[in-house]
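Chain and residue survey
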Amino acid sequence: MKREKFGSRLGFILVSAGCAIGIGNVWKFPYLCGQMGGAAFILIYLVFLLIMGVPVMICEFAIGRGSHFSVAAAFEKLEPEGTRWHISKWIGILGSYLLMIYTSVGGWMMYYCFRSIRGDFVGNSAEEVGAKFTKMLADAPNMAFWTILICVIGFAICWFGIQNGIEKVSKVMMSVLMVILAVHSVFLKGAGAGIRFYLIPDFRKMAEIGIGSVIFGAMSQAFFTLSIGIGAMMIFGSYLERNRSLAGEALSITG
């Protein structure tokens, strides 16, 4: 069976970026950046994205495109006879199953979106909303329903294939969500101070925290940001056509 291709370069970039800029990254990056000194942390983080993140992503794309398989079979097809590179596949397989933890988080978000539309949080303080979250975690049937619902939606999108399912949904959601989040954040109270914190490095703050801690945090976040090391980008690479530049695609997604 011939492997389906992405309908456009933009579709490939947005789908790959959508995988990289996941729920965990959205909530982890802001508080990590806040703890580690703002713009000084971002500067080091960007360096690691370029010198470590991009090369590893190119390698994953190359393995995926060279084999036209996901992490489960790519190494077995490409490994030289007598070698044991296929053992590496279990890292990606295990990592993919562990990533299913995010379906619970996705369920929380859908449930909270539903409750927000219903007006459950109108006039509530942060403490009251937090108490409702704690109560939700103790409600196993409700948690199971929303987790299963988001899994069913995910499977339904995949059922339509790359171009008609994943690519179409990602084009709309990534474009709309990124614009909404960017515009909304600029109009929040204290946005000016927040932007200065993100753009003007304060190396004294970094020295107080510990340069080693900041460097380690930036390096680990660079890997976390791009979803590399678990085979996710290998999967997208398996759908890439031969006329696409792997370095160009990796740089676009990182950007």
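Okay, so let's go over this structure. (Residues numbered from 1 in each chain as written. Predicted model: local features only at pLDDT ≥ 70, side-chain atom pairs only at ≥ 80, totals over all residues. Heavy atoms only, no water.)

**A closer look at the packing of aromatic side chains**
- Here the structure, examined in full by the defined rule, presents 12 aromatic pairs.
- Their ring planes at 25° and their centres at 5.0 Å tell us that tyrosine 112 and phenylalanine 121 sit as a pair that is stacked. No difference in accessibility class separates tyrosine 112 from phenylalanine 121, as the two residues are buried.
- An aromatic cluster of three or more residues is present, and its members are Trp108, Tyr112, Phe121 and Phe133.
- It is lysine 28 that lies over the ring of phenylalanine 224; its NZ or CZ is 4.5 Å from the centre. (Phe/Tyr/Trp six-rings, centres within 6.5 Å; stacked < 30°, edge-to-face > 60°. Buried < 20%, exposed > 50% of the residue type's maximum accessible area, 1.4 Å probe, protein only. Lys NZ or Arg CZ within 6 Å of the ring centre and 35° of its normal.)

**Quick notes on the environment of tyrosine 45**
- Its location among the elements puts tyrosine 45 in helix 3 (residues 39-67).
- A relative accessible area of 8% means that tyrosine 45 is categorised as buried.
- Tyrosine 45 sits 196 residues away from glutamate 241 along the chain, and the two C-alpha atoms are 30 Å apart.
- Those residues within four positions of tyrosine 45 in sequence are excluded, and the remaining contacts are Phe29, Ala218, Gln221, Ala222 and Thr225. (Helix = DSSP H or I, 4+ residues; strand = E, 2+ residues; numbered from the N terminus. Contact = heavy atoms within 4.5 Å.)

**Regarding the nonpolar core**
- The biggest cluster of nonpolar side chains holds 33 residues, and the ones touching the most others in it are Phe12, Phe41, Met57 and Phe61.
- Broken down by secondary-structure element, the contributors of at least two residues to this core are helix 1 (9-20), helix 2 (23-35), helix 3, helix 12 (211-226), helix 13 (232-237) and helix 14 (246-254).
- Broken down by element, the residue count for this core peaks at 10 residues, all from helix 3.
- With sequence-adjacent residues up to four places away left out, phenylalanine 61 is seen in contact with Phe12, Met233, Phe236, Gly237, Leu240, Leu246, Glu249, Ala250 and Ile253.
- Listed in part, the 6 residues of the second largest apolar core include Tyr112, Met136, Met143 and Trp146. (Core = buried A, V, L, I, M, F, W, Y, C linked by side-chain atoms within 4.5 Å.)

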